[in-house]
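# A closer look at the structure
In case you want the letters, here they are:
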Amino acid sequence: MLVFENILLALTAIKSNKMRSFLTMLGIIIGISSVIAITSIGDSAKGVVGKEFEAYGMNNMYMYLNWEMTQDGIEYSDLIMPEDIEALQTRFPEDIKYIVPYVSAESETKVGRLEGKLSMYGVGTNYAKFKKNITILHGRMINKSDVEGNKDRIVIEKKAALNLFNKENAVGETLGVVINNEMKDLIVVGVFVVPPSLFDTMFMSEAYSTYVPYPILQTGDKSNWAVELYTNEEKDQELLGNEFKSYLSRIKDKDPNFYVIEAAESQMATINNILGTLSIAIGAIAAISLVVGGIGIMNIMLVSVTERTREIGIRKSLGARTKDILMQFLIESVIISAIGGVIGTILGITIASVGMSFAKIDVIVDPKVIILAVGFSAVVGMFFGLYPARKAAKLDPIEALRYE
Amino acid sequence: MTDEIIRMETLTKIYDTGEIQVEALKGIDLTIHKGEFIAIMGASGSGKSTLMNIIGCLDRPTEGHYYLENIDVKEKSDNELSAVRNKQIGFIFQSFNLISRTSALKNVELPMVYGRIGAEERKERALELLKNVGLEDRAQHMPNELSGGQKQRVAIARALANKPHIILADEPTGNLDSQSSVEIMEIFCRLNREGNTVIIVTHERDIAEFTNRIITFRDGHIIKDEVTKEAGAC
Ligand SMILES: Nc1ncnc2c1ncn2[C@@H]1O[C@H](COP(=O)(O)OP(=O)(O)OP(=O)(O)O)[C@@H](O)[C@H]1O
Ligand SMILES: [Mg+2]
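Fair warning: this is a prediction, and the values are worked out from it, not measured in the lab.

### Observations concerning the overall build of chain A
Looking only at helices and strands, one finds 13 helices and 11 strands in chain A. Taking 2.2 N^0.38 as the reference for a compact globule, 404 residues should give roughly 22 Å; the C-alpha atoms of chain A span a radius of gyration of 33 Å, well beyond that estimate. Projecting the C-alpha coordinates of chain A onto the three principal axes gives extents of approximately 100 × 55 × 35 Å. By residue count, 47% of the 404 residues in chain A fall in the buried class. At a minimum sequence separation of 6, the contacts of chain A that also span at least 24 residues come to 79%.

What follows is the structure, given as structure tokens:
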């Protein structure tokens, strides 16, 4: 088969025609680099989304009033009341691990001459057990007695401690805030950190993130438009969500569509689905550019065969067989497109890394994709190189030698 | 005779160019023996190259028979003809036909590449062949860095790579000055003395004088076939 000799020959031919070889490879380079860049960006995005959701826990869900259904006006009794929450907990003792009203508030605060904005998130007992990425640096998390005693306590992030108190350990300090138009002094009982999340970096929220016992954020009547839940993670989240929803609508004597469930798991599935579809669509466009690249290779190989007709004649006169000539040209086109594939892979990874570095995301490059891309480009080279190579191989030696 | 190497029987070659048909060889009967040194002469267009191409298995006859070492080439497949060109025949052209952008050494190695000879042996032998034609110091030169006479010597070295017994040269001195022509002819003489059958096409009488048999063509026929010397006497 003379594979080794033919590889050397092909490399010499490519080297002696650098510009042309490069232009020929361009189609493949563009095709492969876009495939690699897009799949890598897609995979990285999926990875980030996955991490983001994992931070909240895959068994996290919200149940809230469906705004569309409430357009004709909502009645006070439609809101989710403490007794509804209790009923849910009693009805699903195993499947609901955590259920509290979903309440949050923002407030300016001042410590001496230092100012800042706090974003207060209402939590119940054991919240940190479910949202696993919270690390307490000093003090403690909001606990049962804080929640049940409706105490004015707050757990703040490290950044807030450093910026407002000029020290990391701010436990025991006091923060003045406004909740539901009422001034309150909250005692810092803990300082925490969470790994930076994509959403934070993307929205650049300037408010410090803090946790408070949820009752202190509630209005007097304790009514809620939404609840946050952590569920039995062994079970299908969508099915569980539907059970909760129908139970709640039954006790509230409402249409089941009156309440909505937003489960982390199904949201993630939806996002991944969109990302997947996007990857496929753009991947298909990239595949078309690969085909165009392949046609470019075929074109240049046909030119090359014509240019080298005399050489082919000489080789045949010296005893080259049809198969030898076929292999020579086939290997050349495979090598051209494989080199294009390698350059395209490097370029694609570079594009993906640069693009992702703006979003401060680590690129995920699937080695399978690289093997597939380079392999596929070689196949493109083989497929589109076959016709020119056969044309070369079938040349009549006398006619080829006579060619000028 | 037992040592006949080439025999043609009423061999014709017709080039079919679609509209007109050119009968380049019109019933050739010819026998060539091992060790002969033959010159083929004749006017332009008389069919000399056509005959050489058929002898060299680059082309097939239209009618009649060509026996190479007693085997009718009609019986041979294209791959077998490739093997014949590779092993049994060394072909030298007027225009040298070296592969450009490929060193003299690599050019000489080519027939051995197609003969599946290993890289080391190939290189060693190619250097030896270049030495035999006085070009050991030009091994790494590209064809465009060589003179006409040097190119033709590289071509001869290449033709001899697989030790063929038949050497065919179609106007080997056609592009060379008289000094280089004589040098080339001396190489052919040496090859003939070593027992090879050498057939050359030439237009020049003094080149033909080197050989021991002169065959003259006109219009696709052999019109004269004279033995001038004893075989191997050059
Ligand atoms: N491929 C071809 N197609 C058509 N006609 C051809 C072809 N090759 C040769 N001929 C014709 O065949 C005849 C013999 O050609 P050939 O090349 O054998 O002549 P020659 O004796 O070698 O001439 P010269 O001395 O000029 O080289 C010529 O009339 C030529 O035109
Ligand atoms: Mg001729």
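Next comes the rest of the account.
### Some thoughts on the packing of aromatic side chains
Tallied over the entire structure, the rule returns 18 aromatic pairs over all chains. Measuring from ring centre to ring centre gives 5.7 Å for Y98 of chain A and Y127 of chain A, while their planes differ by 45°; the resulting arrangement is tilted. One end of the pair, Y98 of chain A, is in strand β2 (residues 96–101); the other, Y127 of chain A, is in helix α4 (residues 127–130), and 29 residues separate them in sequence. Pair check on accessibility: Y98 of chain A and Y127 of chain A agree, each one buried. Taken together, the ring pairs connect Y62, Y64, Y98, Y102, Y121, Y127, F130, F192, Y211, W225 and Y230 of chain A into an aromatic cluster. If you follow K254 of chain A out to its NZ or CZ, it ends over the ring of F258 of chain A, 4.5 Å from the centre. Against the face of Y67 of chain B rests R7 of chain B, its NZ or CZ located 4.5 Å from the ring centre.

### Comments concerning the nonpolar core
Where a protein is soluble and globular, its nonpolar side chains tend to be buried together. Residues I6, M8, I40, L51, Y66, L68 and I199 of chain B are the most contacted members of the largest nonpolar core, which totals 67 residues. Among all residues touching I6 of chain B, those that are not within four sequence positions of it are L30, T31, I32, I55, Y66, Y67, L68, I166 and I199 of chain B.

### Looking at the pairing of strand β11 (residues 259–263) of chain A
All names here are of chain A. Residues Y259, I261 and A263 of β11 are buried on one face, while the alternating residues V260 and E262, pointing to the opposite face, are not. In this sheet, β11 lies alongside strand β1 (residues 60–65) in antiparallel orientation, the contact comprising 5 bridges. Each bridged residue has a counterpart across the sheet, and for Y64 the counterpart in β11 is V260.

### Some remarks on helix α2 (residues 18–56) of chain A
What sets the pattern is the α-helix's 3.6 residues per turn: residues three or four places apart point alike. Along its 39 residues, α2 of chain A runs 54 Å from first to last C-alpha, staying within 8% of the 57 Å computed at 1.5 Å per residue. G57 of chain A lies just past α2 of chain A and shows a positive phi near 95°.

### Some details on the interface of chain A and chain B
Between chain A and chain B, the contact holds 21 residues from the first and 21 residues from the second. Overall, the association of chain A and chain B removes approximately 2,000 Å² of surface from exposure, summing both partners, and the carbon and sulfur fraction of that is 55%. If you sort the residues of chain A by the area they bury against chain B, L318, R321 and I398 of chain A come out on top, with a joint share of 29%. At the boundary of chain A with chain B, the tally comes to 2 salt bridges. D324 of chain A is paired through a salt bridge with R116 of chain B; the nearest N and O atoms lie 2.9 Å apart.

### Structural notes on the environment of V227 of chain B
Within the secondary structure layout, V227 of chain B lies in strand β10 (residues 221–227). In this view, V227 of chain B contacts N212 and R213 of chain B; residues no more than four positions away in its chain are not counted.

### Side note on unusual backbone geometry
The phi dihedral of N126 of chain A falls on the positive side, at around 70°, and the residue is not glycine. Tracing the sequence through the fold places N126 of chain A in the loop between β4 (114–123) and α4. Residue N126 of chain A is classed as partly exposed on the basis of its relative accessible area, which comes to 41%. Within the chain, R101 of chain B stands out as a residue other than glycine whose phi angle is a positive 55°. Considering the arrangement of structural elements, one finds R101 of chain B in the loop between β6 (89–92) and α3 (104–114). A residue is classified by how much of its surface remains accessible, and R101 of chain B, at 57% relative accessible area, is exposed.

### Some points on the site of ligand 1
Residues and elements named next belong to chain B. Neighbouring ligand 1 are 15 residues; S44, G45, K48, S49 and T50 lie closest to it. Here G47 contributes a backbone N or O atom positioned 3.0 Å from an oxygen atom of ligand 1. Take S49: an N or O atom from its side chain is 2.7 Å from an oxygen atom of ligand 1. Listed by contribution, the elements that provide at least two residues to the shell around ligand 1 are β2 (21–33) and α1 (48–55). Residues that form the shell around ligand 1 fall into these classes: 4 nonpolar, 8 polar and 3 charged.

Cut-off values and rules
Residues numbered from 1 in each chain as written. Chains lettered and ligands numbered in written order. Predicted model: local features only at pLDDT ≥ 70, side-chain atom pairs only at ≥ 80, totals over all residues. Heavy atoms only, no water. Helix = DSSP H or I, 4+ residues; strand = E, 2+ residues; numbered from the N terminus. Rg over C-alpha atoms; globule rule 2.2 N^0.38 Å. Buried < 20%, exposed > 50% of the residue type's maximum accessible area, 1.4 Å probe, protein only. Contact = heavy atoms within 4.5 Å. Phe/Tyr/Trp six-rings, centres within 6.5 Å; stacked < 30°, edge-to-face > 60°. Lys NZ or Arg CZ within 6 Å of the ring centre and 35° of its normal. Core = buried A, V, L, I, M, F, W, Y, C linked by side-chain atoms within 4.5 Å. Pairing = 2+ DSSP bridges. Expected span 1.5 Å × (residues − 1). Buried area = accessible area lost by both parts, 1.4 Å probe. Salt bridge = Lys/Arg side-chain N within 4 Å of Asp/Glu carboxyl O. Near = heavy atom within 4 Å. Polar contact = N/O pair within 3.5 Å; in protein donor to acceptor, adjacent residues only side chain to side chain. Nonpolar A, V, L, I, M, F, W, Y, C, P; charged D, E, K, R; others polar.

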